[in-house]
Amino acid sequence: MDHQEIYFNQDLETMSQDEIISRQNEKLKEKVRYVVANNAYMRELYAKAGVDANDFRGIEDLDKLPILAKANFRETYPLGLCCVPKSEIREMHMSSGSTGTPVVMPYTVADLDQWAECMARCLRMSGAQPGDPMQIMPSFGLFNGGFGMYHGARKAGLFVIPTGSGNTERQIRLARDFNTRVFGAVISYTGRLIEVMEKMNVELPSLRIGIFGAESVTHAMMEKISARLGIEVYNIYGMTETGGVGTLGMDCQDHSGIHVWEDHYYLEVVDPVTKKLLPDGEVGELVVTSLTREALPVIRFKTGDLTRIVSREKCACGRTHVKIDHISGRTDDMLIIKGVNFFPAQVEQALLEIPGVHSEYQIIMEEKDGVNDIRVLVEAEEGVTGYTVEKRLKERLGFSPKGEVLPIGTLPRVDGKAVRVVRKKLD
Ligand code: ADP
Ligand code: ZN
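Residues numbered from 1 in each chain as written. Chains lettered and ligands numbered in written order. Predicted model: local features only at pLDDT ≥ 70, side-chain atom pairs only at ≥ 80, totals over all residues. Heavy atoms only, no water.

Over its twelve residues, helix H6 (residues 144-155) extends 17 Å from the first C-alpha to the last, a length consistent with the 16 Å expected when each residue adds 1.5 Å. What H6 keeps buried is the set Asn144, Gly145, Gly146, Gly148, Met149, His151, Gly152 and Ala153. Phi turns positive, to about 80 degrees, at Gly157, one or two residues after H6. (Helix = DSSP H or I, 4+ residues; strand = E, 2+ residues; numbered from the N terminus. Expected span 1.5 Å × (residues − 1). Buried < 20%, exposed > 50% of the residue type's maximum accessible area, 1.4 Å probe, protein only.)

Tallying each qualifying case throughout the model produces 31 salt bridges. Arg57 serves as the salt-bridge partner of Asp61, at 2.8 Å between the closest nitrogen and oxygen. Arg57 gets classed as partly exposed once you look at its relative accessible area, which sits at 46%. Several salt bridges share partner residues, and in doing so they unite Glu353, Lys391, Arg392, Glu395 and Arg396 into one network. (Salt bridge = Lys/Arg side-chain N within 4 Å of Asp/Glu carboxyl O.)

This part takes up the coordination of the zinc ion (ligand 2). Bound to the zinc ion (ligand 2) on the protein side are Cys252 (SG), His259 (NE2), Cys315 (SG) and Cys317 (SG), at distances that span 2.1 to 2.3 Å. Around the zinc ion (ligand 2), the four donor atoms are arranged such that angles at the metal cover 103 to 114 degrees; this shape is classified as tetrahedral. (Donors = N, O, S within 2.8 Å, 3.2 Å for Na, K, Ca; no water. Tetrahedral: all angles 85-135°; square planar, octahedral: opposite > 155°, others 65-115°.)

If you look at the biggest cluster of nonpolar residues, it comprises 71 residues, and the most contacted ones within it are Tyr46, Leu123 and Ile324. The leading source of residues in this core is helix H5 (residues 109-125), at eight residues. Beyond its immediate chain neighbours, meaning those up to four positions away, Tyr46 contacts Val32, Val35, Val36, Val51, Leu65, Pro66 and Ile299. (Core = buried A, V, L, I, M, F, W, Y, C linked by side-chain atoms within 4.5 Å. Contact = heavy atoms within 4.5 Å.)

Further remarks concern the sheet that holds strand E13 (residues 309-311). What the nine strands build is an open sheet, ordered E4-E3-E5-E6-E7-E8-E9-E14-E13; its pairing is mixed. Since the sheet does not close on itself, it has two edges, and those belong to strand E4 (159-161) and E13, each with one partner. Where strand E7 (residues 232-239) lies against strand E8 (residues 244-251), three bridges are found, and the strand directions are antiparallel. In the strand pairing of E8, Met239 is matched with Gly244. Contacting strand E3 (133-136), strand E6 (209-213), E7, E8 and strand E9 (258-260), H5 runs over the sheet at an angle of about 30 degrees to E8. Here H6 sits on the sheet in contact with E3, E4, strand E5 (182-186), E6, E7 and E8, set at roughly 165 degrees to E3. (Pairing = 2+ DSSP bridges. Axes fitted to C-alpha atoms, helices over the stretch in contact; angles between N-to-C directions.)

It is worth spelling out helix H2 (residues 17-38) at this point. In this model, H2 (22 residues) spans 31 Å end to end at C-alpha, consistent with the 32 Å of a helix rising 1.5 Å per residue. Taken as a whole, H2 has its buried residues at Gln17, Ile20, Gln24, Lys27, Leu28, Lys31, Val32, Tyr34, Val35 and Val36. Against helix H3 (40-48), strand E10 (265-270) and strand E11 (284-290) lie the buried residues of H2.

We now examine the environment of Val32. In this structure, Val32 sits in helix H2. In this structure Val32 comes out as buried when scored by relative accessible area, which is 0%. Along the primary structure Val32 and Ile136 are separated by 104 residues, whereas in three dimensions their C-alpha atoms are 36 Å apart. In contact with Val32, not counting residues within four places along its chain, are Tyr46, Ala53, Phe56, Leu65 and Ile299.

Segmenting the protein chain into domains produces domain 1 (1-331) and domain 2 (335-425). In this structure, domain 1 and domain 2 have C-alpha centres spaced 29 Å apart. Counting the surface lost from both domain 1 and domain 2, the interface buries some 1,600 Å², and carbon and sulfur atoms represent 57% of this. When the buried surface of domain 1 facing domain 2 is broken down by residue, Glu195, Thr218 and Met221 rank first, second and third, together holding 28% of it. Taken together, the connections running from domain 1 to domain 2 amount to one salt bridge. (Domains from an automatic or database assignment. Buried area = accessible area lost by both parts, 1.4 Å probe.)

Below, the discussion takes up unusual backbone geometry. Along the chain, Tyr77 connects to Pro78 via a cis peptide bond; the corresponding omega equals 0 degrees. Here Pro78 is to be found in the loop between helix H4 (70-76) and strand E1 (91-94). The phi torsion at Asn167 lies on the positive side, around 50 degrees, for a residue other than glycine. By the secondary structure assignment, Asn167 is in the loop between E4 and helix H7 (168-177). Phi at Arg300 takes a positive value of approximately 60 degrees, unusual for a residue other than glycine. Its location among the elements puts Arg300 in the loop between E11 and strand E12 (301-307).

Their axes nearest at 7 Å, the elements H5 and H6 cross at an angle of 75 degrees. When the axis of H5 is compared with that of H6, the two are roughly perpendicular. From H5, Leu112, Asp113, Trp115, Ala116, Glu117, Met119, Ala120 and Leu123 reach across to H6, where they touch Asn144, Phe147, Gly148, Met149, His151, Gly152, Ala153 and Lys155. Residues that form the contact of H5 with H6 fall into these classes: nine nonpolar, four polar and three charged. (Parallel < 35°, antiparallel > 145°, perpendicular 65-115°, else oblique. Nonpolar A, V, L, I, M, F, W, Y, C, P; charged D, E, K, R; others polar.)

The following block contains the structure:
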């Protein structure tokens, strides 16, 4: 086999943790001064919290800085958190609205390059090589998925096939005709791809790599997709507030956690309620600081995403950047039924253990007179019964939602992020 490039930026991806921490400290000090100097809202926020940017000493003082939330974006919509004049902005993206808050992210030329660099590192980490055809299937638009993969694929020298979302039959025909080697997609879209491939009776033997993200996914689902498509599946992570898909990172070929690009981002995992820093290994809410962004560097942004630090040791892949666990859910996704807390991912995990169950499911939360009731709708092959589903959910979740089995193809298919939880109010 030809020589394979496994790093996009070997020096930076493999530098020692000491070197990483020393850079992070420098950049943190610099960014705190920068936002205070260039943004009136941040200046006031820090003044109110008694923070003097000139005295700020880096990581050791981080907990003195107020935490930013989506509410700060809402209050300052559209560009009140931006640190550069509008004439310096070259592109913008906006969150897909899962939580209903408009989050606008402006990019300077340098920010677009930073995004492309982070994304290109992810692509190379998956084994994608210059010239490899990559089909980019998230939408191109305000959602950051399509353009983020595009900027990164360009930088990594791939052959870009920018199909965008939808038109699944055409996606499959193009993948066959151009021997697509890499698929980039919102993870739940893979269910649709597989269904349509089966209907068309097409296999894709050139396909090797799936770069999937944007939603919580269980290991069971990743394995299922990987086995069915015969490809290596990667979990890519990013969000509008950090600059989009791939900015935070992805898992490597060792699949032992998501490497986060620590020369660009500083991470804290905190208790979701008290916001106190948690020890490595404990699950909490991820708080992120952008160290290198120009137009809108977030400082201590609470993501709502739940994860834990898996390792800070050098990885089998040679990279030294911290590894975090797959995102198990969002703080605002947590469901409470009869005093039991759980996340949609736990339902997914339980469902996928049942033979014959497909990847499409929906959790219907019905509220009547202040009492929540829950039904789980799932597509499955003949022979799987509501009773089987209820029994498994009871074993795994500790209570028994009503299970309803539907024929394959009944639940709505969406082009973007899947709608797993539907809340209804009954009167
Ligand atoms: P929205 O908040 O409207 O969904 P974004 O498009 O910015 O807007 O989505 C970012 C969010 O998507 C993250 O905060 C996280 O909750 C989720 N997300 C993105 N990638 C992943 C991933 N690989 N695993 C789990 N969740 C993810
Ligand atoms: Zn690794």
